[in-house]
Amino acid sequence: MVRRVAVVGAGAGGLASVKCCLDEGLEPTCFESSEDIGGVWHYTDSTDTRRITVYRSVITNTSKEMSCFSDFPFPEDFPNYLPHSLVLEYLRMYARHFNLLGHIRLQTTVLSVRKRPDFSASGQWEVVTESHGVRESHVFDAVMVCTGHYQEPYLPLASFPGIESRFKGQYLHSWEYRDAQAFRGKRVLVLGIGNTGGDLSVELSRVAAKVFLSTRSHTWVVSRVSDHGFPLDMVSTTRFNSLLDWLLPSALTRRIKFRKFNSWFNHTNYGLASSKSSKFKLIVNEELPFCLLSGTVVLKPNVKEFTESSAIFEDGTTEGNIDVVLFATGYSFSFPFLEESVRSTIHDNRSLYNCIFPPQLEQPTLAIIGLIQLTGSIMVGSEMQARWVTGVFAGWNKLPPPSRMMAEVLKRKPAVKRNPSERENLKMSFVSYVDKIAACAGVKPSVWRLLLTDPQLGLAIFFGPCSPYQYRLEGRGSWSGARAAILTQWQRSLRPLRTRRLLGDSSSSSWGWGWGWMCLLALPAALTAAWLCSKQPQPGWSPR
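Residues numbered from 1 in each chain as written. Predicted model: local features only at pLDDT ≥ 70, side-chain atom pairs only at ≥ 80, totals over all residues. Heavy atoms only, no water.

- If you check an unreviewed UniProt entry, the chain appears there as Flavin-containing monooxygenase 1 from Rhodinocichla rosea.
- Turning to the chain, the UniProt annotation filed under Sequence similarities (unreviewed entry) states: "Belongs to the FMO family."
- Reading the Cofactor (unreviewed entry) entry of the UniProt record for the chain gives the comment "FAD". (UniProt positions renumbered as here; feature names shortened; annotations may be inferred.)

Written out as structure tokens, the structure reads:
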């Protein structure tokens, strides 16, 4: 019987895990090595501690309505996309509101997590911690590891001949980057075109003499601002769109998406992506296209090798007088505190049952929270994982036998280990994955039933944003405010923009009337689509 639970890490996933433990009547103790909660959102100027943090100017890529905890919306006056300071403020509000702080031990490092000698019968773990030089040993019935996947900077120096032996300039990983002032007047080469590489290239272009952005992948760039000025994810991350992705051939869905991406600007003309490629990245950046158009950022292919002051690229071109090389090559994960017999089996999240449970364990009392790559908010996915896991610990939810879990993992396990720069192609569909875990936890909303009993709500959750509140409508942990939160989410997205009222402005009321008419007209089609949804098989791992 699980009662005492150790939670490793007090970031977003750790806080959600503590709260879910309390909801299930469990006794959590959260160990956080730093002096405050918040994980990567706890910004610091220092790089001395090797703690991973966001850079100073970061803005979230997912909007507040699509990123909040499912029973705790962001304050309505918060902007739709948030700086790190407001994300941290929100996490502190969440911790205070649900009385989580008393269960968190700050400045306490977990040194080891090992099975007890009677683990096969008890499922218990021995956890050794250190705080201010004092070591303690604890026994817990279960452990939730919430350290995420931003743990160790991935610095592939071996892939760039000459960077260590010949290059005389400076090179560093993006985790060391805080702001652009140290790069003023310099010629900077950024390696990697993920969200971080795009953001830093744009920011550096304002002060650097020249910025070169090197990539080997096809990359599509989208804006956070979507149709009619609404946040991109509120418009695109819907159950209706997820159903279309499942129904339509993958080649057709790619063609539709590429046409949409190119409607902003032709990516082939900019050297970013070709519509003929089936492998591609998607990044969010409003300013990068203008920087490329204005020449403040120059796009280059992959680097072949470095000389003392130059970079030679695979197309044979050379850029000289490079002062700084900035690696935006992502992160790798590791769990050095886990005993070797467990740690060695976790190669990536596909080594885990539903990206959470190591299937080899005799007792399912270890869960990895937040080791996921989604097309939406990881915070929301982590909370859903924590709800299911604590339900398993409390005995409400059941896992399949270990043999079945192992067979499921082996079926999806990759033939070769991928490096972090290739993980973009392993992103899972937000709607499919969160729905899958919600179904395991017994909290997935029934669209078909809602369309029949509450058509306004049913249509809102089918055609509207797949926001976290949907997973509080039914089942354990349901929230009485979920329905109202869903039906007012568009208004909350507009609220922070209402800082200047215009004469005769009636946009809010016209939006309400338009939504009402759409609900009425779409009901028959939605009922048919909901029936199709009920026939949809378990979601796969790679979104089309």
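**Here's the deal with the pattern of salt bridges**
- Scanning the model with the defined rule gives 27 salt bridges in all.
- R476 is the salt-bridge partner of E24, the closest N and O atoms lying 2.7 Å from each other. Residue E24 is located in the loop between α1 (12–23) and β2 (27–31), and its partner R476 is located in the loop between α15 (455–463) and α16 (482–487); the two are separated by 452 residues in the primary sequence.
- Note that E362 and K115 form a salt bridge whose closest N and O atoms lie 3.7 Å from each other. Here E362, found in the loop between α10 (340–343) and β20 (366–368), pairs with K115, found in strand β4 (residues 109–115); they are 247 residues apart in sequence, far enough to count as distant. (Salt bridge = Lys/Arg side-chain N within 4 Å of Asp/Glu carboxyl O. Helix = DSSP H or I, 4+ residues; strand = E, 2+ residues; numbered from the N terminus.)

**Re the packing of aromatic side chains**
- By the definition in use, this model includes 31 aromatic pairs.
- Aromatic side chains F31 and F140 sit 6.0 Å apart centroid to centroid with 80° between the ring planes, which places their arrangement in the edge-to-face category. Taken together, the residues F31 in strand β2 and F140 in strand β6 (residues 134–140) connect sequence positions 109 residues apart.
- The exposure class of F31 is buried, given its relative accessible area of 2%.
- Among the aromatic side chains, those forming a connected cluster through ring pairs are F69, F72, F74, F78, Y90, Y94 and F98.
- A cation over an aromatic ring shows up here: R4 above the ring of F140, its NZ or CZ 4.5 Å from the ring centre. (Phe/Tyr/Trp six-rings, centres within 6.5 Å; stacked < 30°, edge-to-face > 60°. Buried < 20%, exposed > 50% of the residue type's maximum accessible area, 1.4 Å probe, protein only. Lys NZ or Arg CZ within 6 Å of the ring centre and 35° of its normal.)

**Points about the environment of F119**
- Looking at where F119 falls in the secondary structure, it is placed in helix α4 (residues 119–122).
- The spatial distance from the C-alpha of F119 to the C-alpha of E362 is 7.8 Å, given a sequence separation of 243 residues.
- What F119 contacts, discounting residues up to four positions off in sequence, is Q124, W125, L361, E362, Q363 and T365. (Contact = heavy atoms within 4.5 Å.)

**With respect to the sheet that holds β2**
- Strands sit in the order β3-β2-β1-β7-β20 across an open sheet of five strands; the sheet is parallel. Each end of this open sheet is capped by a strand with a single partner; those strands are β3 (104–105) and β20.
- Here helix α11 (residues 378–394) sits on the sheet and contacts β1 (4–8), β7 (142–145) and β20; the angle it forms with β7, its principal contact strand, is near 175°. (Pairing = 2+ DSSP bridges. Axes fitted to C-alpha atoms, helices over the stretch in contact; angles between N-to-C directions.)

**Some points on helix α7 (residues 239–247)**
- Listing the buried residues of α7 in full gives R239, S242 and L243. Summarising the axial view, the buried residues of α7 lie within an arc of 100°, below the 170-degree limit, and thus occupy one face. (Arc of directions from axis to C-beta.)

**Concerning the domain arrangement of the chain**
- Partitioning the chain into domains gives domain 1 (4–151 + 333–414 + 423–428) and domain 2 (153–225 + 264–330).
- Here the C-alpha centre of domain 2 lies 32 Å away from the C-alpha centre of domain 1.
- Counting residues at the interface gives 19 residues for domain 1, matched by 17 residues for domain 2.
- Summing both partners gives a buried area of about 1600 Å² for domain 1 against domain 2, and 49% of it is carried by carbon and sulfur.
- Applying the counting rule to domain 1 against domain 2 returns one salt bridge.
- When the shortest N-O distance is used, the salt bridge between R56 and D179 registers 2.8 Å. (Domains from an automatic or database assignment. Buried area = accessible area lost by both parts, 1.4 Å probe.)

**Focus: the side chain of T53**
- You can see T53 is positioned in the loop between β2 and α2 (64–67).
- At a separation of 3.3 Å, a polar atom in the side chain of T53 contacts the main-chain carbonyl oxygen of H42.
- Beyond its immediate sequence surroundings of up to four residues, T53 is in contact with V40, H42, Y43, T44 and R178. (Polar contact = N/O pair within 3.5 Å; in protein donor to acceptor, adjacent residues only side chain to side chain.)

**Things to note about the pairing of β7**
- Burial along β7 is two-sided: the residues A142 and M144 and V143 and V145 are all buried.
- As paired elements, β1 and β7 share four bridges and run parallel to each other. Bridge pairing in β7 links A6 to V143.

**Considering the state of the cysteines**
- All chains considered together, the criterion is met by zero disulfides.
- In this structure C355 is a free cysteine whose sulfur lies 11 Å from that of C440, the closest cysteine sulfur available. (Disulfide = S-S within 2.5 Å.)

**Some thoughts on the sheet that holds strand β17 (residues 318–319)**
- Strand order in the open sheet formed by three strands is β15-β16-β17, with antiparallel pairing between adjacent strands. At either end of the open sheet lies a strand with only one pairing partner, and these are β15 (303–306) and β17.
- Sheet topology note: the β15/strand β16 (residues 311–313) ladder contains three bridges and is antiparallel. Within the sheet, the bridge partner assigned to V303 lies in β16 and is F313.

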